[in-house]
Amino acid sequence: MSYYRAKLPSIRRMAWVSRIAGICFISLAIYGLAASLLGFGEANLMLAAASFILNLAIGAVALYVPHSFFNLSTSWDFRLEECAGAEASLKKVLEGQA
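Note that the coordinates shown come from a computational prediction; the quantities given were computed from them, not determined experimentally. (Residues numbered from 1 in each chain as written. Predicted model: local features only at pLDDT ≥ 70, side-chain atom pairs only at ≥ 80, totals over all residues. Heavy atoms only, no water.)

Engineer: Can you lay out helix α1 (residues 2-38) for me, pointing to particular residues and giving the numbers?
Structural biologist: Over its 37 residues, α1 runs 54 Å from end to end, which matches the ideal 54 Å to within 8%, given 1.5 Å per residue. Where α1 bends most, the angle comes to about 55°, and this point is Leu8, followed within four residues by the proline Pro9. Within the sequence span of α1, burial applies to Tyr4, Leu8, Ile11, Ala15, Ser18, Gly22, Ala29, Ala35 and Ser36. Residues of α1 that are buried sit in contact with α2 (45-95). Directly after α1, the chain includes Gly39, whose backbone phi takes a positive value near 90°. (Helix = DSSP H or I, 4+ residues; strand = E, 2+ residues; numbered from the N terminus. Expected span 1.5 Å × (residues − 1). Bend = angle between axes of the 7 residues up to and from the residue. Buried < 20%, exposed > 50% of the residue type's maximum accessible area, 1.4 Å probe, protein only. Contact = heavy atoms within 4.5 Å.)

Engineer: Explain the environment of Ala29 to me, and be specific about the residues and the numbers.
Structural biologist: With respect to the element layout, Ala29 can be found in helix α1. Sequence spacing of Ala29 and Phe70 is 41 residues, and the spatial spacing of their C-alpha atoms is 26 Å. Excluding residues that lie within four positions of it along the chain, Ala29 makes contacts with Phe52, Asn55 and Leu56.

Engineer: I'd like a description of the side chain of Asn55, backed by residues and values.
Structural biologist: Along the chain, the position of Asn55 falls in helix α2. When its relative accessible area of 11% is taken as the criterion, Asn55 is described as buried. Excluding residues that lie within four positions of it along the chain, Asn55 makes contacts with Phe25, Ile26, Leu28 and Ala29.

Engineer: With reference to specific residues and values, describe the packing of α1 against α2.
Structural biologist: Packing of α1 against α2 brings their axes to within 8 Å, and their N-to-C directions diverge by 160°. Comparing their axes, α2 and α1 come out roughly antiparallel. The hand of the α1/α2 crossing is left-handed. The residue makeup of the contact of α1 with α2, split by class, is 27 nonpolar, 6 polar and 5 charged. (Axes fitted to C-alpha atoms, helices over the stretch in contact; angles between N-to-C directions. Parallel < 35°, antiparallel > 145°, perpendicular 65-115°, else oblique. Left-handed = near helix turned anticlockwise from the far one by under 90°. Nonpolar A, V, L, I, M, F, W, Y, C, P; charged D, E, K, R; others polar.)

Engineer: Tell me about a nonpolar patch on the surface, residues and numbers included.
Structural biologist: On the surface, a nonpolar cluster with roughly 280 Å² of combined accessible area is contributed by Val61, Tyr64 and Val65. You can see Val65 is positioned in helix α2. Taking the relative accessible area as the measure of exposure, Val65 reaches 31% and is therefore partly exposed. (Patch = residues over 30% accessible without salt bridge, like charges linked within 9 Å, V, L, I, M, F, W, Y side chains within 5 Å. Areas by Shrake-Rupley, 256 points an atom, 1.4 Å probe, with all protein chains shown as cover. Salt bridge = Lys/Arg side-chain N within 4 Å of Asp/Glu carboxyl O.)

Engineer: I'd like a rundown of the layout of surface pockets, residues and numbers included.
Structural biologist: With a probe scaled to a water molecule rolled over the atoms, the places where space remains empty come into view. Put simply, the largest pocket is a space of about 150 Å³. For the lining of the largest pocket, the secondary-structure elements that each account for two or more residues are α1 and α2. Here the lining of the largest pocket takes 6 residues from α2, the largest share from any one element. Grouping the constituent residues of the lining of the largest pocket by class yields 6 nonpolar, 2 polar and 3 charged. (1 Å grid on protein atoms, 1.4 Å probe; cavity = no way out; pocket = protein on both sides within 12 Å on 5 of 7 lines; lining within 4 Å. Points joined across faces, edges and corners; volume = space filled by probe spheres on them.)

Here is the structure:
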């Protein structure tokens with residue numbers, strides 16, 4: 001739990017960066033597909049489709065990972081709250097105040 005407490009800011013920062021990257025990859029996929037269909041980019045539709053699918057998949061994963069981190073963070077935050085209550089009770093018992 002102490003490792004989680006120490007790394008919590010980094011975990012939250014990583015989740016935000018991953019969300020931003022996911023949005024960028026999905027935007028890039030849509031832009032690339034639109035540019036190819038309108039004739040601004042490369043004319044090879046197979047390459048454009050492969051690029052669209054790859055960027056869309058990376059973007060979807062980049063958006064799914066922070067969701068998983070959020071679920072993990074929620075469960076660990078609950079454990080930390082419960083642990084803090086248990087630590088306070090233990091401290092009272094050890095000091096003879098119970």
